[in-house]
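Chain by chain, the residues:
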Amino acid sequence: MPSTTYSTAPYTDQRPGTSGLRKRVEVFRHGNYLKNFVQSVFDTQTELAGNTLVLGGDGRFFNRDAIQVILKMASANGIGRVIVGQGGLLSTPAASCVIRKYKAAGGLILSASHNPGGPDGDFGIKFNTANGGPAPEKVTEEIYARTLEVGSYRLCDAADVNLDKIGEYTLNKMPVQVIDPVTDYAELMVSIFDFGAISALLKGSFRMRFDAMHAITGPYAKRILEQMLGAPKGTVINGEPLEDFGGHHPDPNLVHAAELVEMTRGPEGVDFAAASDGDGDRNMILGRDFFVTPSDSLAVLAANATCIPAHRNGIAGVARSMPTSQAVDRVATAFNIECFETPTGWKFFGNLLDAGRITFCGEESFGTGSDHVREKDGLWAVLAWLNVLAIRKQSVAEIVTAHWQQYGRNYYSRHDYEGVKSKAADELMAGLRARLPELPGTLLDGLEVSYADDFAYTDPIDGSISQKQGVRIGFSSGSRIVFRLSGTGTVGATLRVYLEAYEPDPSQQSLDPQVALAGLITTANNLAGISSITGRKKPDVIT
Ligand code: VG1
Ligand code: CO
């Protein structure tokens, strides 16, 4: 089984976005698209040679084919050993856990997260470093630079590895270990949470549903919630991973998980419901007739961290991505712990977590996590909520409304305009950027602008600088409007408008967010000229 070097022509469109390289499946399947990228990872990440690589994906269409190709390339490139999840499966947080536990030099995770799958859907690949987290910008830029010049790739002509059977294999002398994708992750969860208290809750009259959306978390949720914690069978719905996610967007929000939301409605509604996305790193939390925004979820978990055994003595600090609401900032102030504002994308939390400066972090985009791994973690968030519910013995709505009464409520919403023409989106952002210097001190629809900038971040640990991370307009009332373009889409551009208003008065905290934010929404539209530039009258998705 010789390894052969094949010549190939580089691609010019392989720059990783917010979370790895993401394209239509047909792009990945065509020519050497996948191979050129993987070879660029092996060429630049030289620590992988002779060391362990973790490999797995969310099970979407093309996952298995891609894994076989990567295994043969790993062997030909001198990788020491590959640990791969059975069936080619590993959720993103589980991959992070496995990289850390087995001291791998890195990992390749195959997923396009919450984007649809299937032959006409999306595919993606992401490189994680030895800390288990998404590669920092410096590393993704190295890989990208290599994709522009890579002229050959190496592959060993061997038979496919049997991914379905747990065990040890060799591929042209390289050991391949097919592991159970759930066991290591489940053990980690046991070491963090109060499984006794959660189990007692789930075996009582409390009713919950977990929607795996036919994506990767099905096997994880069934094992942990139903088998280990004793939740009734049927607690996990849509638990069978499917290559096309049943034709749906595996995106846990009010729009795409509408069936689950319905189960929480009315007096017969369940007490608690949650969902996760394609690769298992996102989460949506619902109580009966109650939606917890991801920003509030982070704040509430931070405020209640000591309910969780691993955090009995408190947390070191918190971080949130810039567009995430400032609810957690108020908790940090009250607890006198550090709070960081980072650019969008989990990679920016890595250094802070590694340095022990933060314990919890989160994003408005249904991402919450802690220092247990270096990715956001959907099931972790679900278990964290269950742990808090089990200890506080109150409903989700009671806990969140009490939180607002204590800290004030940050009304929050994100409006997405999808599939906008790239030229129009760029024009809109450029127009906003040009106006930034003149805005501070002026009135916009009667609101005084206190600051207006294009968010730049200096990493407090390694000093690296990331610029142009989104336009922020802050008002003296504490309200905020943020504009940025998505870095994960595959068709045209997606404009995201983030709206936030602070309400300290408990008698004013029960409005529909779209009503509470109506004035800001109009201001945002007028300021950016959204309808005139994009031709859109309303957003495609409101979360
Ligand atoms: C989106 C979210 C961002 C998240 C990223 C990856 O990025 O806004 O908060 O980190 O997806 O999530 P963007 O650039 O499209 O706004 V996942 O679940 O795809 O790993
Ligand atoms: Co995801």
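Residues numbered from 1 in each chain as written. Chains lettered and ligands numbered in written order. Predicted model: local features only at pLDDT ≥ 70, side-chain atom pairs only at ≥ 80, totals over all residues. Heavy atoms only, no water.

### Let's talk about the sheet that holds strand E13 (residues 284-287)
So, step 1. Strand order in the open sheet formed by 5 strands is E11-E10-E12-E13-E14, with mixed pairing between adjacent strands. The outermost strands of the open sheet, each flanked by one partner alone, are strand E11 (236-237) and strand E14 (290-292).
So, step 2. Strand direction decides the pairing type here: strand E10 (residues 208-211) and strand E12 (residues 272-275), joined by 4 bridges, are parallel. Bridging across to E12, methionine 208 finds its partner in phenylalanine 272. (Pairing = 2+ DSSP bridges. Helix = DSSP H or I, 4+ residues; strand = E, 2+ residues; numbered from the N terminus.)

### Structural notes on the pattern of salt bridges
Charged atoms that come close allow side chains of opposite charge to pair.
So, step 1. Within this structure, the stated rule accounts for 33 salt bridges.
So, step 2. Glutamate 141 is the partner of arginine 15 in a salt bridge, and the nearest nitrogen-oxygen pair spans 3.0 Å. Taken together, the positions of arginine 15 in the loop between strand E1 (3-7) and strand E2 (21-24) and glutamate 141 in helix H5 (residues 137-147) put the pair 126 residues apart, joining distant regions of the chain.
So, step 3. Judged by its relative accessible area of 47%, arginine 15 falls in the partly exposed class.
So, step 4. Lysine 126 serves as the salt-bridge partner of glutamate 375, at 2.7 Å between the closest nitrogen and oxygen. Taken together, the residues glutamate 375 in the loop between strand E18 (367-370) and helix H13 (378-392) and lysine 126 in strand E6 (residues 122-129) connect sequence positions 249 residues apart.
So, step 5. A residue is classified by how much of its surface remains accessible, and glutamate 375, at 1% relative accessible area, is buried.
So, step 6. By sharing partners, the salt bridges in this structure join Arg320, Asp329, Glu341, Asp453, Arg472, Arg480 and Glu500 into a single network. (Salt bridge = Lys/Arg side-chain N within 4 Å of Asp/Glu carboxyl O. Buried < 20%, exposed > 50% of the residue type's maximum accessible area, 1.4 Å probe, protein only.)

### Things to note about the environment of isoleucine 481
So, step 1. Relative to the helices and strands, isoleucine 481 is located in strand E25 (residues 480-485).
So, step 2. A residue is classified by how much of its surface remains accessible, and isoleucine 481, at 0% relative accessible area, is buried.
So, step 3. When the C-alpha positions of isoleucine 481 and alanine 299 are compared, they lie 20 Å apart, and in sequence the two are 182 residues distant.
So, step 4. Isoleucine 481 has contacts with Val471, Arg472, Ile473, Phe475, Val497, Tyr498, Leu499, Leu520, Thr523 and Ala524, leaving out every residue within four places of it along the chain. (Contact = heavy atoms within 4.5 Å.)

### Considering the pairing of E10
So, step 1. Note that E10 and E11 share 2 bridges and pair parallel. Pairing of phenylalanine 210 across the sheet is with valine 236, part of E11.

### As for the side chain of serine 321
So, step 1. By the secondary structure assignment, serine 321 is in strand E15 (residues 317-321).
So, step 2. For serine 321, a relative accessible area of 1% corresponds to the buried category.
So, step 3. Polar side-chain contacts of serine 321 include one of 2.7 Å to the side chain of threonine 324.
So, step 4. In contact with serine 321, other than residues within four places in its own chain, are Thr342, Pro343, Thr344, Phe349, Gly362, Glu363 and Glu364. (Polar contact = N/O pair within 3.5 Å; in protein donor to acceptor, adjacent residues only side chain to side chain.)

### Observations regarding the site of ligand 1
So, step 1. As a structural note, the neighbourhood of ligand 1 is formed by 20 residues, with Thr18, Ser113, Ser365, Thr488 and Arg496 the closest of them.
So, step 2. Between serine 19 and ligand 1, the recorded distance is 3.2 Å, taken from a side-chain N or O atom to an oxygen atom.
So, step 3. Here glutamate 363 contributes a side-chain N or O atom positioned 2.7 Å from an oxygen atom of ligand 1.
So, step 4. Tallied by class, residues from the shell around ligand 1 come to no nonpolar, 10 polar and 10 charged. (Near = heavy atom within 4 Å. Nonpolar A, V, L, I, M, F, W, Y, C, P; charged D, E, K, R; others polar.)

### Quick notes on the pairing of strand E16 (residues 338-342)
So, step 1. Here 5 bridges tie E15 to E16, and the two strands are oriented parallel to one another. Bridge assignment links arginine 320 to a residue of E16, and that residue is glutamate 341.
So, step 2. As for the winding sense of the linkage, the β-α-β connection from E15 through helix H11 (residues 327-335) to E16 is right-handed. (Right-handed = clockwise from strand over helix to strand, strands pointing away.)

### Brief notes about unusual backbone geometry
Most peptide bonds are trans, and most residues other than glycine sit at a negative phi.
So, step 1. Non-glycine residue serine 113 carries a positive phi angle of around 50 degrees.
So, step 2. Counting through the fold element by element, serine 113 comes out in the loop between strand E5 (106-110) and E6.

### Description of the sheet that holds strand E27 (residues 541-542)
So, step 1. The strand order across the open sheet formed by 7 strands is E20-E21-E24-E25-E26-E19-E27, and the pairing between neighbours is antiparallel. One side of each edge strand has no neighbouring strand; the edge strands of this open sheet are strand E20 (443-444) and E27.
So, step 2. Bridge analysis of strand E21 (residues 447-454) against strand E24 (residues 471-475) gives 5 bridges, and the strand direction is antiparallel. Within E24, the residue paired with tyrosine 451 across the bridge is glycine 474.

### Observations concerning the domain arrangement of the chain
So, step 1. Domain assignment breaks the chain into domain 1 (3-180), domain 2 (185-407) and domain 3 (409-542).
So, step 2. Of note, the centres of domain 1 and domain 3, computed from C-alpha atoms alone, are 35 Å apart.
So, step 3. Domain 1 puts 9 residues into the contact, and the matching count from domain 3 is 7 residues.
So, step 4. Both sides of the domain 1 and domain 3 interface together cover about 580 Å² of buried area, and 41% of this is carbon and sulfur.
So, step 5. Per-residue buried area on domain 1 facing domain 3 is highest for Thr18, Arg22 and Glu137; these three make up 57% of the total on that side.
So, step 6. Our count for the contact surface shared by domain 1 and domain 3 stands at 0 salt bridges.
So, step 7. In terms of residues, the side of domain 1 that touches domain 3 owes the most to one element, E2, which gives 3 residues.
So, step 8. Class assignment for the residues of the side of domain 1 that touches domain 3 results in no nonpolar, 4 polar and 5 charged. (Domains from an automatic or database assignment. Buried area = accessible area lost by both parts, 1.4 Å probe.)

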